[in-house]
Amino acid sequence: MIEVKNVTKTYGKKQNAFIALDNVSFTIPDGASVAILGKSGSGKSTLMHAMSGLDRPEKGEVVIDGEDILKLKTKQVDKFRASKIGFIFQSFFVQANETVSDNVSLPLEIADIPRGERKKKIQAALEGVDLSEKIGSKAKNLSGGQKQRLAVARAIVNSPQIIFADEPTGNLDSVTGDKVEKMLFGYNKKNGVTLIIVTHDPELAAKCDIQINIKDGKVESIRDTKPATKQHTRKVVS
Amino acid sequence: MRLTDTIKRAGRSLRNAKARTLLTSLAIGVGAFTITLSLAAGQGGRAYTDEIVTANTSVNELLVTKKQPEANSGPKKYEDTGVSAMAGSMSNPGAADIAYLTQDDIKAMEKLNNVTSVSPNYSPSVRYITREGQDRYVVESVSTFSPSVTLKYAAGSVDGNLANDEIILTEEYAKVLGFSNPSDAIGKTVEIRADKLSAPVSAPENKLFPFKVKAVSSKSGFAFRAQGSLLVSNDAARELYEYINKDTRAYGNFLLASVQVNDEKNATSVKDELSTKGFEAQTAEDVLGAINTFINVLQGILIGFGALAVLTSIFGIINTQYISVLERTQQIGLMKALGMRRRDVGRLFKFEAAWIGFLGGAIGSGMAVIAGLIANPLINSALKLEDVTLLQFNPIAVASVIIGLMIIAIAAGILPARKAAKLDPIEALRTE
């Protein structure tokens, strides 16, 4: 379970201060697929950064598994990200000069997974995204869709608890985008991993169990379309 | 992150920028080349002087002279002694300014502890050398054979000491005395004529001293002293000297004496004792030390140039690594987002610098070794060094040059590595 409580983040100082997140609170149950929906500049990316421990809001709590990650030391936050979180970015951020296998291996190396276990995990992750036959290719020789699938493999290889996907289909055409979406949702359902998609695309957001609308740094509305968690649905009046 | 993984990733990043890596490491390579060559030259030079010294003196031997009176500055007042300064032997001219060793001095030296023997430098000036049916040839010098001085033989050899009726010829004398090759001369008799200097001009006295050829020495690149000298035993030299110089004014006065000590370790203490008694003594080590100091200074200068090249390359490394950090902002951001610790990010860049240092060191010293292998035979033939290698590469020295450069490279990589470690992942991932 992820509990976001009264998170406030301000950029700049005094007169130039810009409030990116204004007293944001919500709860996400384990295994849910969540869309953080908002326009560019709404604060949705800042929210993702705060929830993943990349950024430190000045106020509030982000409690994951009963622990406030905003109170952890840098080293512990790093460890938390390495062991529990997977990231997918709009512009893939795969290492073009490295092989597919080395790209996927990076999170395992960071998390100190012994060499013997890595190969199996890498193969399993690549099978999951249908890229097994490309294991030895350089990432720069892949198509856009393949690169994003590689990024998905990198995100899931260390069996994370939460996957953050920042506009995962933003740079893809609709056909390859659909394929990547299916993979993400499939993985989310099959493994019970919490999937948090940051997007401005209402169509993609509609496919998620929960949609959190962000506007001007505030939570405008939260919609829970999943029947089992219907009772969470409520309108937040700001 | 594991160290091996970090090192591997560092190596991989460098391979992705081959030209840049190579150029940066070549700058260090120049320094490594110079330093490795100077170390090799220093080692070879010291080995060479070692050879020279053992070919000319023995470690158990001290060369002793009388302490010379302080040289007065300015012209000296003439003192009428009534005797011509040049009267006497040609071999031991009694020039008034030089203090000579006397028989008493020699006896005093013999009494010192640890001294086994004292032999004055007789160097008798004989008239000529000849043998039956051959022409007469002028003898430049007759010296005393010392078993502890290394000689090179063209034929025959001397085991231990030379007998009193034996002589060692040089190749040149063997040739002019009609021997078809050096080994032909072994066992044959040659004659040396000596003139008695004290005999009146009206009734000259002279004598032929026969010697059996024991060995023929060949020219050596190391020997200065024995070059061209005919070598006889100490007693034979004394006999010649006595015959020639007896009853002259300079008789019993020697410029130089060699003192044999019982052990190399005692050479210095004997030297000190001689010094308090009014003598000046030089050990083989003194000679070696003087030459080695010179070599060390030269080597130091060369290493200085190498260090300068390394210093320049440090800025090259810093620059390259800064550019690398800028280029890979996104990669660093991703790694940090995935939970890579600051320390590991810094390490990654430090290892990259270390790789550059290793590459530069290996290229530079590798080239130096190759250059040395090519240059050694050329130097030898140019300087007629025979079988001495003037550039001697010591694996430990080469390894320490490489390791040293790696450490320097890591130090140069600290600032860029810190910049990488401090990068804010959010900012880094925003750059497109």
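Residues numbered from 1 in each chain as written. Chains lettered and ligands numbered in written order. Predicted model: local features only at pLDDT ≥ 70, side-chain atom pairs only at ≥ 80, totals over all residues. Heavy atoms only, no water.

### Focus on unusual backbone geometry
Residues and elements named next belong to chain A.
For step 1, the next point in the chain: Not every positive phi belongs to a glycine, and Glu167 is a case in point at roughly 45 degrees.
For step 2, the next point in the chain: As for its position among the elements, Glu167 is in the loop between strand E7 (162-166) and helix H6 (174-191).
For step 3, the next point in the chain: Here Glu167 falls in the buried class, since its relative accessible area comes to 9%. (Helix = DSSP H or I, 4+ residues; strand = E, 2+ residues; numbered from the N terminus. Buried < 20%, exposed > 50% of the residue type's maximum accessible area, 1.4 Å probe, protein only.)

### Some remarks on the packing of aromatic side chains
For step 1, the next point in the chain: The tally for this structure, following the rule as stated, stands at 9 aromatic pairs over all chains.
For step 2, the next point in the chain: Each ring, one from Phe87(A) and one from Phe89(A), has its centre 5.6 Å from the other, and the planes form 10 degrees; the classification is stacked. As far as burial versus exposure is concerned, Phe87(A) and Phe89(A) are alike and both buried.
For step 3, the next point in the chain: Measuring from ring centre to ring centre gives 5.4 Å for Tyr122(B) and Tyr241(B), while their planes differ by 45 degrees; the resulting arrangement is tilted. Pair noted here: Tyr122(B) is in the loop between strand E2 (115-120) and strand E3 (128-130) and Tyr241(B) is in helix H6 (residues 234-245), with a separation of 119 residues, a long-range link. Each member of the pair, Tyr122(B) together with Tyr241(B), is buried.
For step 4, the next point in the chain: Linked through ring pairs, Phe87(A), Phe89(A), Phe93(A) and Phe164(A) together constitute an aromatic cluster. (Phe/Tyr/Trp six-rings, centres within 6.5 Å; stacked < 30°, edge-to-face > 60°.)

### Regarding the confidence of the model for chain A
For step 1, the next point in the chain: In the predicted model, chain A carries a mean pLDDT of 91, and 95% of its residues have values of at least 70.
For step 2, the next point in the chain: Note on residues 229-238 of chain A: pLDDT is under 50 here. Beyond four places in sequence and across chains, it has 7 contacts. (pLDDT = per-residue confidence, 0-100. Contact = heavy atoms within 4.5 Å.)

### Quick look at the pattern of salt bridges
For step 1, the next point in the chain: With the rule as written, the count across this model stands at 24 salt bridges over all chains.
For step 2, the next point in the chain: One network of salt bridges, with partners in common, ties together Glu98(A), Asp102(A), Glu109(A), Arg9(B) and Arg12(B). (Salt bridge = Lys/Arg side-chain N within 4 Å of Asp/Glu carboxyl O.)

### Observations regarding empty space enclosed by the protein
For step 1, the next point in the chain: Following the criterion strictly, the structure yields 3 cavities of 30 Å³ or more and no others.
For step 2, the next point in the chain: Size it by volume and the largest cavity reaches roughly 90 Å³.
For step 3, the next point in the chain: Around the largest cavity, the lining residues are Arg81(A), Ala82(A), Ile85(A), Gly86(A), Phe87(A), Pro107(A), Arg154(A), Ala155(A), Asn158(A), Pro160(A) and Leu338(B).
For step 4, the next point in the chain: Of all the secondary-structure elements, those providing two or more residues to the lining of the largest cavity are helix H2 (74-84), strand E6 (85-88) and helix H5 (144-156) of chain A.
For step 5, the next point in the chain: Looking at the lining of the largest cavity, the element that brings in the most residues is E6(A), giving 3 residues.
For step 6, the next point in the chain: Taken together, the residues of the lining of the largest cavity break down into 7 nonpolar, 2 polar and 2 charged.
For step 7, the next point in the chain: Put simply, the second largest cavity is a space of about 50 Å³.
For step 8, the next point in the chain: If you go around the second largest cavity, the residues you meet are Thr36(B), Leu39(B), Ala40(B), Gln43(B), Gln392(B), Phe393(B), Asn394(B), Ala397(B), Val398(B) and Val401(B).
For step 9, the next point in the chain: Elements with a contribution of two residues or more to the lining of the second largest cavity: helix H2 (18-56) and helix H11 (395-412) of chain B. (1 Å grid on protein atoms, 1.4 Å probe; cavity = no way out; pocket = protein on both sides within 12 Å on 5 of 7 lines; lining within 4 Å. Points joined across faces, edges and corners; volume = space filled by probe spheres on them. Nonpolar A, V, L, I, M, F, W, Y, C, P; charged D, E, K, R; others polar.)

### Some remarks on a nonpolar patch on the surface
Residues and elements named next belong to chain B.
For step 1, the next point in the chain: A contiguous nonpolar patch, built from Phe294, Val297, Leu298, Ile301, Leu302, Phe305, Leu308, Leu311 and Phe315 and spanning about 930 Å² of accessible area, is present on the exposed surface.
For step 2, the next point in the chain: By the element assignment, Leu298 lies in helix H8 (residues 284-327).
For step 3, the next point in the chain: Among the residues examined, Leu298 registers a relative accessible area of 44% and is labelled partly exposed. (Patch = residues over 30% accessible without salt bridge, like charges linked within 9 Å, V, L, I, M, F, W, Y side chains within 5 Å. Areas by Shrake-Rupley, 256 points an atom, 1.4 Å probe, with all protein chains shown as cover.)

### Details of the sheet that holds strand E11 (residues 257-261) of chain B
All names here are of chain B.
For step 1, the next point in the chain: Pairing is antiparallel across the open sheet formed by 4 strands, whose spatial order is E2-E11-E1-E12. Of all strands in the sheet, those with a lone pairing partner are E2 and strand E12 (279-283), marking the two edges. Averaged over all neighbouring strand pairs, the angle between strand axes comes to 25 degrees, with direction disregarded.
For step 2, the next point in the chain: Bridge count for strand E1 (residues 61-66) against E12 is 5 bridges, and the pairing is antiparallel. (Pairing = 2+ DSSP bridges. Axes fitted to C-alpha atoms, helices over the stretch in contact; angles between N-to-C directions.)

### What about the packing of H11(B) against helix H12 (residues 414-422) of chain B?
All names here are of chain B.
For step 1, the next point in the chain: Their axes nearest at 4 Å, the elements H11 and H12 cross at an angle of 45 degrees. As the angle between them shows, H11 and H12 are arranged oblique. In contact with Ile410, Ala411 and Ala412 of H11, H12 contributes Ile414, Leu415 and Pro416.
For step 2, the next point in the chain: A breakdown of the residues in the contact of H11 with H12 according to their chemical character gives 6 nonpolar, no polar and no charged. (Parallel < 35°, antiparallel > 145°, perpendicular 65-115°, else oblique.)

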